[in-house]
Amino acid sequence: MLTNKPKTKILVDGGDPDETLRVKKLLGFVDGQTTNPSLIAKNPEIQQQIASGHSLTSQEEKDEYRKIVQTISSLVGDAGVSIEVFADLDTRAEDMLAQGEEMFTWIPNAYIKYPCTHEGLKAAELSVRQQIRVNMTLCFSQEQAAAVYTATKGSKEPVYVSPFVGRLDDRGEDGIDLVKNIKTMYRHGDGHVHVLAASIRHLDHLLASFALDVELVTVPAKVLEKWASSNLPMPDRDFSYKAASASGEPLKPIPYKELDLNQSWQSFDITHELTAKGIQKFVADYRSTLKRSA
Ligand code: G3P
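Computed from a predicted model, the values in this text were never measured in an experiment. Numbering of residues begins from 1 in every chain and follows the order in which that chain's sequence is written. Local features in a predicted model are, by the rule used here, given only for residues with pLDDT of at least 70; side-chain atom pairs are given and counted only at 80 or more, and totals for whole chains, interfaces and linings are based on all residues. Side-chain figures throughout are based on the complete set of non-hydrogen atoms in the structure, without hydrogens or water.

Colleague: Please explain helix α4 (residues 58-73) as it appears in this structure.
Modeller: In an α-helix, one full turn covers 3.6 residues, which means residues spaced three or four apart are oriented alike. If you check α4, its first and last C-alpha atoms are 22 Å apart, about what 16 residues at 1.5 Å a residue would give, namely 22 Å. Those residues of α4 that sit buried are Glu-61, Glu-64, Tyr-65, Ile-68, Val-69, Ile-72 and Ser-73. Here a helix means four or more residues in a row that DSSP labels H or I, a strand means two or more in a row labelled E, and each is numbered from the N terminus. One less than the number of residues in a helix, times 1.5 Å, gives the span that helix is expected to have. Relative accessibility under 20% of the residue-type maximum defines a buried residue, over 50% an exposed one, and the middle range a partly exposed one, all with a 1.4 Å probe and only protein chains included.

Colleague: Quick question: what am I supposed to make of the environment of Lys-257 here?
Modeller: Counting through the fold element by element, Lys-257 comes out in the loop between α11 (221-229) and α12 (273-287). For the pair formed by Lys-257 and Ile-72, sequence separation is 185 residues and the distance between their alpha carbons is 38 Å. Sequence-distant contacts of Lys-257, defined by excluding residues within four places in its chain, comprise Gln-142 and Glu-143. There is a polar contact of 2.9 Å between the side chain of Lys-257 and the side chain of Glu-143. Contacts between residues were defined by any pair of non-hydrogen atoms, one from each residue, lying within 4.5 Å. A 3.5 Å cut-off defines polar contacts: any pair of N or O atoms within that distance qualifies, except that in protein one atom must be a possible hydrogen donor and the other a possible acceptor, and neighbouring residues in sequence count only when both atoms are side-chain atoms.

Colleague: Looking at this structure, I do not really get the pairing of strand β1 (residues 9-13). What am I missing?
Modeller: Along β1, four of the five residues are buried, which leaves the element largely enclosed by surrounding structure. Two strands pair when backbone bridges link them, and β1 and strand β8 (residues 216-219) are joined in this way by four bridges, in the parallel orientation. Within the sheet, the bridge partner assigned to Val-12 lies in β8 and is Val-219. The pairing of β1 with strand β2 (residues 32-34) spans three bridges and is parallel. Each residue of the ladder has a partner; that of Asp-13, found in β2, is Thr-34. A pair of strands is labelled paired if DSSP reports no fewer than 2 bridges between them.

Colleague: I keep staring at the packing of aromatic side chains and nothing clicks. Help me out?
Modeller: Between two aromatic rings, the relevant description is the distance of the centres plus the angle of the planes. For this analysis, a ring pair means two rings from Phe, Tyr or Trp (six-membered ring only for Trp) whose centres lie within 6.5 Å, classed as stacked if their planes differ by under 30 degrees, edge-to-face if by over 60, and tilted for the remaining angles. Per the stated rule, a full pass over the model turns up seven aromatic pairs. An angle of 70 degrees between the planes, with centres 5.6 Å apart, marks the rings of Phe-140 and Phe-164 as edge-to-face. Within this pair, whereas Phe-140 is found in the loop between β5 (134-139) and α7 (142-151), its partner Phe-164 is found in the loop between β6 (159-163) and α8 (165-170), the two being separated by 24 residues in sequence. Of the two residues, Phe-140 and Phe-164, both sit in the buried class. Here Tyr-149 and Tyr-186 contribute two aromatic rings whose centre-to-centre distance is 5.8 Å and whose plane-to-plane angle is 35 degrees, an arrangement assigned as tilted. Taken together, the residues span a long stretch of sequence, with Tyr-149 in helix α7 and Tyr-186 in helix α9 (residues 175-186) at a distance of 37 residues. These aromatic residues form a ring-pair network of at least three members: Tyr-65, Phe-86, Trp-106 and Tyr-286. Throughout this description, the term charge over a ring refers to an Arg CZ or Lys NZ atom that lies within 6 Å of the ring centre and within 35 degrees of the ring normal. Directly above the ring of Phe-29 sits Lys-5, whose terminal nitrogen or CZ lies 4.5 Å from the centroid. Residue placement shows Arg-133 over the ring face of Tyr-111; its charged tip is 5.5 Å from the ring centre.

Colleague: Please explain the site of the ligand as it appears in this structure.
Modeller: Neighbouring residues of the ligand: Asp-13, Asn-36, Leu-39, Phe-164, Arg-167, Ala-198, Ser-199, Arg-201 and Thr-218. Asp-13 is positioned with one of its side-chain polar atoms (N or O) 2.8 Å from an oxygen atom of the ligand. Contact between the ligand and Arg-167: an oxygen atom at 2.7 Å from a side-chain N or O atom of the residue. Computed with the Shrake-Rupley method and a 1.4 Å probe, the accessible areas treat only the protein chains shown as cover for residues. In isolation the ligand has 310 Å² of accessible area, and contact with the protein removes 81% of it. Per-class residue counts for the shell around the ligand are three nonpolar, three polar and three charged. Whether a residue is near a molecule or strand depends on its heavy atoms: if one lies within 4 Å, it is near. Each residue is assigned to one of three groups, with Ala, Val, Leu, Ile, Met, Phe, Trp, Tyr, Cys and Pro labelled nonpolar, Asp, Glu, Lys and Arg labelled charged, and all others, Gly among them, labelled polar.

Colleague: Teacher, can you tell me more about the packing of helix α10 (residues 203-211) against α11 here?
Modeller: For helices, the fitted line uses only the C-alpha atoms of the stretch in contact; every axis is such a line through C-alpha atoms, and the angle between N-to-C directions lies from 0 to 180 degrees. The N-to-C vectors of α10 and α11 enclose an angle of 80 degrees; their axes lie 9 Å apart at closest approach. Compared by their axis directions, α10 and α11 come out roughly perpendicular. Taken together, the residues of α11 that come into contact with α10 (itself represented by Leu-203, Leu-206, Leu-207 and Phe-210) are Val-223, Leu-224, Lys-226 and Trp-227. When grouped by side-chain class, the residues that make up the contact of α10 with α11 number seven nonpolar, no polar and one charged. Each angle is binned into one of four classes, with values under 35 degrees roughly parallel, values over 145 roughly antiparallel, values of 65 to 115 roughly perpendicular, and all other values oblique.

Colleague: What's the story with the pattern of salt bridges in this structure? I'm lost.
Modeller: The salt bridge criterion pairs a side-chain nitrogen of Lys or Arg with a carboxyl oxygen of Asp or Glu, the two atoms within 4 Å. Under the criterion given, the structure shown has 20 salt bridges. As a salt-bridge pair, Glu-102 and Lys-62 come within 3.0 Å of each other at their nearest N and O atoms. In this pair, Glu-102 is assigned in helix α5 (residues 93-104) and Lys-62 in helix α4, connecting sequence segments 40 residues apart. When salt bridges that share partners are traced, they join Arg-171, Glu-173, Glu-273 and Lys-277 into one network.

Everything listed is a geometric property; what it means functionally is a separate question.
See the structure below:
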């Protein structure tokens, strides 16, 4: 059990309440949870239904998603449960917002996840005006994080931005650099956006996130279990992160950019190939649970 709780809030990245409970017993707490369509599709009960020949209608899938987050909601602390809207590359902001409004009523501690796209940012801008908490997901660039900052300025609630570390590593770029760059850029800001390091694949990602003092980190249960079985190490003063791929190759640094946080969000170039690919992957995983006609 963790007696010296880190400053960084720890969230479970998953879609299975039993897993969240297991981690909670192991650490003594879980600050929050993030979910997404891929993680929900992997939920054991949904998988069991599919294995027994029962694919879901989109309404059934939504009902399952609601039940899962309702069970998780009371297990976690004040970092809340992030629920992701269903969006493909053509989904308009109005549609995302309508879903966000509904999902926000599911539990008292919801954060609504929108992608870092033009439509997602528009939905976020409208959401924060009605005090819907948001978590901007699939963030792969400093420009996207700058746009999140300016689109949600004035939000009464903290806004989360989720840089995806592991997926940048997967293509040879140092994902931890992106987290570091966003933290540096936000030093010039008003603190309303909190950095939530995501796509954490191993202990070094977790320790680097702690060392960068990110406000939150979301971590798969298996990485938290590894952390616990290694006696919950924390980075010391001399900690230095060795950016390396899964096969040990060095990763390419991502240089810091000077961006002006007073610009309008529409003026940033927010396109990123990995954001589009990420959306397509979520859509494919979501559809894999659905009946053909759903
Ligand atoms: O938190 C984001 C996460 O669910 C994506 O992780 O490992 O699929 O890149 P991964």
